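So you can see what is in the structure, the chains are spelled out below.
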Amino acid sequence: MKQLSLSEDQPQRIALNHESYLLIYPNWLQVPYQSLHDSIAWQQHSIRIFGREINEPRLSAWIGDPQCSYRYSQQLRLPMPWSEPLSTIREQLNREFDTHFNSVLANLYRDGNDAMGWHSDDEKELVKDASIASLSVGCERRFLLREKGSKAKVGEWALGHGTLLIMAAKTQQYYEHAIARTKKVVGERINLTFRQINISSTEVGLIPDK
Ligand SMILES: O=C(O)CCC(=O)C(=O)O
């Protein structure tokens, strides 16, 4: 299995199957936690599991350019406008990595009970095989990766404050990721996953259900 902790500040390239790879940049950006937190209008969303509506175990916010609607767990999310800190981070990413991020899903993990189950960021309105950049701010949490159709993890990484993870090439097509619950006492963590929505596919009513 791939390594757990990132002790050095050197970027790492982790080669995966299917010509896919991760890039990890520890300490890519030092963002003041509280001002980032306060610049986002956090919402409690629900998800449907086996026909029951339950609260997601985290708060979240969908932010993006005006046309960037997103259907997630059968709910249409219209984008909230960019706050100054998020807009600055997006510009820095697009400049440095030559990307075209037009939206970001912000997640707030309030403590170790907040988590995200196994999934891929492969919704139909995302540009196929475009990289997803995930910036962690606040307390460290474990990011897990496995191939679709397998229960064995291919790796796990502790993502600390300021760490940027890029999931590139066909990672979303062939892999799933998760943020594990932890019994350790941990403080809050914000994760920002910058995405590229294919805006021609997002007129309200035209987005197919998953
Ligand atoms: O919190 C993380 O590091 C991952 C978030 C995530 O998987 C997502 O927003 O799709």
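Residues numbered from 1 in each chain as written. Predicted model: local features only at pLDDT ≥ 70, side-chain atom pairs only at ≥ 80, totals over all residues. Heavy atoms only, no water.

Asks: Explain the side chain of Ser 134 to me, and be specific about the residues and the numbers.
Replies: The residue Ser 134 is located in strand 10 (residues 132–138) in this model. Residue contacts for Ser 134: discarding those within four places in its chain leaves Thr 163, Leu 164, Leu 165, Asn 191, Leu 192 and Thr 193. (Helix = DSSP H or I, 4+ residues; strand = E, 2+ residues; numbered from the N terminus. Contact = heavy atoms within 4.5 Å.)

Asks: Describe in detail the packing of aromatic side chains, supporting the description with residues and values.
Replies: Inspection of every chain in the model, using the stated rule, returns 6 aromatic pairs. Judged by centre distance (6.5 Å) and plane angle (10°), the ring pair of Trp 82 and Phe 194 falls under stacked. Taken together, the residues Trp 82 in the loop between strand 7 (75–77) and helix 2 (84–97) and Phe 194 in strand 15 (residues 189–195) connect sequence positions 112 residues apart. Judged by relative accessible area, which is 19%, Trp 82 ranks as buried. Taken together, Tyr 25, Trp 28 and Phe 97 form an aromatic cluster joined through their ring pairs. Geometry around Tyr 21 places Arg 13 over its ring, the cationic atom sitting 4.0 Å from the centre. (Phe/Tyr/Trp six-rings, centres within 6.5 Å; stacked < 30°, edge-to-face > 60°. Buried < 20%, exposed > 50% of the residue type's maximum accessible area, 1.4 Å probe, protein only. Lys NZ or Arg CZ within 6 Å of the ring centre and 35° of its normal.)

Asks: Break down empty space enclosed by the protein for me, citing the residues and quoting the values.
Replies: For the structure shown, the criterion picks out 1 cavity of 30 Å³ or more. In this model, the largest cavity occupies a volume close to 160 Å³. The wall of the largest cavity is formed by 20 residues, among which Asn 107, Met 116, His 119, His 177 and Thr 193 lie closest to the centre. Going through the elements one at a time, strand 6 (70–72), strand 8 (103–109), strand 9 (116–119), strand 14 (175–179) and strand 15 are the ones with two or more residues in the lining of the largest cavity. Among the elements that take part in the lining of the largest cavity, strand 15 stands out by supplying 4 residues, more than any other. When the residues that make up the lining of the largest cavity are grouped by side-chain class, the tally is 10 nonpolar, 6 polar and 4 charged. (1 Å grid on protein atoms, 1.4 Å probe; cavity = no way out; pocket = protein on both sides within 12 Å on 5 of 7 lines; lining within 4 Å. Points joined across faces, edges and corners; volume = space filled by probe spheres on them. Nonpolar A, V, L, I, M, F, W, Y, C, P; charged D, E, K, R; others polar.)

Asks: Outline the sheet that holds strand 8, supporting the account with residue identities and numerical values.
Replies: Sheets are built from strands that pair by backbone hydrogen bonding, the pairs being arranged parallel or antiparallel. Sheet architecture is open: 7 strands sit in the order 1-2-13-10-15-8-5, paired in antiparallel fashion. One side of each edge strand has no neighbouring strand; the edge strands of this open sheet are strand 1 (12–15) and strand 5 (59–64). For this sheet the average axis-to-axis angle between neighbouring strands, irrespective of direction, equals 15°. Summarising the sheet, strand 1 and strand 2 (residues 21–25) pair through 4 bridges and their orientation is antiparallel. In the sheet register, Arg 13 faces strand 2, and the bridge partner there is Leu 23. (Pairing = 2+ DSSP bridges. Axes fitted to C-alpha atoms, helices over the stretch in contact; angles between N-to-C directions.)

Asks: Report on helix 2, specifying residues and quantitative values.
Replies: Across its 14 residues, helix 2 extends 20 Å between first and last C-alpha, which sits within 8% of the 20 Å expected from 1.5 Å per residue. Regarding helix 2, the residues found buried are Leu 86, Ser 87, Ile 89, Arg 90, Leu 93, Asn 94 and Phe 97. Seen along its axis, helix 2 keeps its buried residues to an arc of 165°; they face one direction. Among the exposed residues of helix 2, those oriented more than 90 degrees off its buried face are Glu 84 and Arg 95. At the exit of helix 2 stands Asp 98, carrying a positive phi of roughly 55°. (Expected span 1.5 Å × (residues − 1). Arc of directions from axis to C-beta.)

Asks: Break down the pairing of strand 10 for me, with residues and values.
Replies: Most of strand 10 sits out of view: 7 of its 7 residues are buried. Pairing of strand 10 with strand 15 involves 6 bridges; the strand directions are antiparallel. Each residue of the ladder has a partner; that of Val 137, found in strand 15, is Ile 190.

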